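Architecture and fold: a report
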Amino acid sequence: MTDILNHIDQGVMTLTFNRLDKKNSITSAMYATLADALEQAQNDSAVRVVLIQGHETIFSAGNDIADFLNAPPAGENSPVFRFLRNIASFPKPIMAAVAGPAVGIGTTLLFHCDFVYARDNAAFSMPFVNLGLCPEAASSLLVPQMMGYHRAAEALLMGDPFMAEAALEVGLVNRVLPPTEVNSYAQAQARKLVAKPISSLVETKRLMKAGQAEHIKAQMAQEGASFGRMLREPAAREAFGAFMEKRRPDFSNIH
Ligand code: COA
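This is a predicted model, so every value here is computed, not measured. (Residues numbered from 1 in each chain as written. Predicted model: local features only at pLDDT ≥ 70, side-chain atom pairs only at ≥ 80, totals over all residues. Heavy atoms only, no water.)

Moving on, we come to the packing of helix H1 (residues 28-43) against helix H3 (residues 79-88). Interaxial distance between H1 and H3 falls to 8 Å at its minimum, and their mutual angle equals 30 degrees. Our classification of the angle between H1 and H3 gives roughly parallel. Two packed elements cross with a definite hand, and for H1 against H3 that hand is left-handed. Between H1 and H3, the contacting residues are Ser 28, Tyr 31, Ala 32, Leu 34, Ala 35, Asp 36, Leu 38 and Glu 39 on the first element and Pro 79, Val 80, Arg 82, Phe 83, Asn 86 and Ile 87 on the second. Tallied by class, the residues present in the contact of H1 with H3 amount to nine nonpolar, two polar and three charged. (Axes fitted to C-alpha atoms, helices over the stretch in contact; angles between N-to-C directions. Helix = DSSP H or I, 4+ residues; strand = E, 2+ residues; numbered from the N terminus. Parallel < 35°, antiparallel > 145°, perpendicular 65-115°, else oblique. Left-handed = near helix turned anticlockwise from the far one by under 90°. Contact = heavy atoms within 4.5 Å. Nonpolar A, V, L, I, M, F, W, Y, C, P; charged D, E, K, R; others polar.)

Now for the sheet that holds strand E7 (residues 123-125). Strand pairs in the sheet, formed through backbone hydrogen bonds, run parallel or antiparallel to each other. Across the sheet, which stays open at both edges, the three strands sit in the order E5-E7-E8 with mixed pairing between neighbours. Two strands in the sheet have a free side with no partner beyond their single neighbour: strand E5 (101-103) and strand E8 (162-163). (Pairing = 2+ DSSP bridges.)

A separate point is empty space enclosed by the protein. For the coordinates displayed, the defined rule picks out one cavity of 30 Å³ or more. In terms of residue count, H3 provides more of the lining of the largest cavity than any other element does, three residues in total. Residues belonging to the lining of the largest cavity are distributed by class as follows: six nonpolar, one polar and one charged. (1 Å grid on protein atoms, 1.4 Å probe; cavity = no way out; pocket = protein on both sides within 12 Å on 5 of 7 lines; lining within 4 Å. Points joined across faces, edges and corners; volume = space filled by probe spheres on them.)

For the ligand, the set of nearby residues contains 13 residues, the closest of which are Lys 22, Ala 61, Asn 63, Ile 65 and Lys 246. A distance of 2.9 Å is found between a nitrogen atom of the ligand and a backbone nitrogen or oxygen belonging to Asn 63. A distance of 2.9 Å separates an oxygen atom of the ligand from a polar atom in the side chain of Lys 246. Contact with the protein chains covers 64% of the free accessible surface of the ligand, which is 870 Å². A breakdown of the residues in the shell around the ligand according to their chemical character gives six nonpolar, two polar and five charged. (Near = heavy atom within 4 Å. Polar contact = N/O pair within 3.5 Å; in protein donor to acceptor, adjacent residues only side chain to side chain. Areas by Shrake-Rupley, 256 points an atom, 1.4 Å probe, with all protein chains shown as cover.)

On to the side chain of Asn 86. Along the polypeptide, Asn 86 turns up in helix H3. Looking at Asn 86, its side chain comes within polar contact range of the side chain of Glu 39, at 2.9 Å. Beyond its immediate stretch of four places on either side in the chain, Asn 86 contacts Ala 35, Leu 38 and Glu 39.

Here the focus is unusual backbone geometry. You will see that Ala 138, though not glycine, has its phi angle at about 65 degrees, which is positive. With respect to the secondary-structure elements, Ala 138 resides in the loop between E7 and helix H5 (139-147). In this structure Ala 138 comes out as buried when scored by relative accessible area, which is 0%. One non-glycine residue, Thr 180, adopts positive backbone phi at about 75 degrees. Position of Thr 180 relative to the elements: it lies in the loop between strand E9 (175-177) and helix H8 (182-194). (Buried < 20%, exposed > 50% of the residue type's maximum accessible area, 1.4 Å probe, protein only.)

Right, let's talk about the pattern of salt bridges for a bit. A full pass over the atoms with the stated rule returns twelve salt bridges. The partner of Asp 64 in a salt bridge is Arg 19, with the nearest N and O atoms 2.7 Å apart. Here Asp 64 is found in the loop between strand E3 (49-53) and helix H2 (65-70), whereas its partner Arg 19 is found in the loop between strand E2 (12-17) and H1, with 45 residues between them in sequence. Across this residue pair, the class does not change: Asp 64 and Arg 19 are buried. (Salt bridge = Lys/Arg side-chain N within 4 Å of Asp/Glu carboxyl O.)

As structure tokens, then:
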């Protein structure tokens, strides 16, 4: 079974997380597939919009912790960093339909989408601190910018989850939808975009993002260096070990 489904229909490339037994957590192989799909979508004139979606019960549990433990990303060309660079610089419209939990990169990738639609059960969280890590995907820049510093501190220092309505209020989500409607609503919105001139969409997106593009790239590189180092340090080893052993982590002896 393919862990990322890639379906192109009438100008829309739909990428679906399809690893429900592991709560759609993302392995390096999946990051590589996503990075390749975005390159394909960028170069293929038959694709005008990309839509990322998960299952109705879960969007994604974030990085696959076992995979990260066994094979931490090595260097900036590792699949996770390639995916992040590709989504951050993706020139055409990109949309996400979120239902259920969106953990870690499941939430931070949304800051690089142009439109985010959420089912009313969507729960967003960025628990990097609780895992002995630091933010990625330029979220240390984009979260305070979007939410304001104090709400960002709740999300990034406390790692507190927030629900669809709160995400709507801070502007992370465009619209909250009742059960079963989120994917179909996103598809309908994507089709509206397909009917518009692609050159205008691409240029408008480029202009909206131009002021920050370099800043985002630099922040991502800085975060990537810290994240890669912290993955190998005792706090992350303890947090990941605790997750695998289904126990609470104990950071009391880690300085
Ligand atoms: N990496 C690897 N495996 C994961 C995973 C992850 N991020 N998230 C869930 N899984 C696996 C579990 O280990 C479990 O596997 P098993 O059946 O072989 O024991 C399976 O998916 C089901 O997970 P479970 O925790 O029992 O599901 P749940 O419905 O009770 O909870 C979540 C769902 C998403 C709330 C919970 O799994 C979770 O918090 N996951 C970790 C999220 C996280 O910290 N991500 C990393 C961000 S960097």
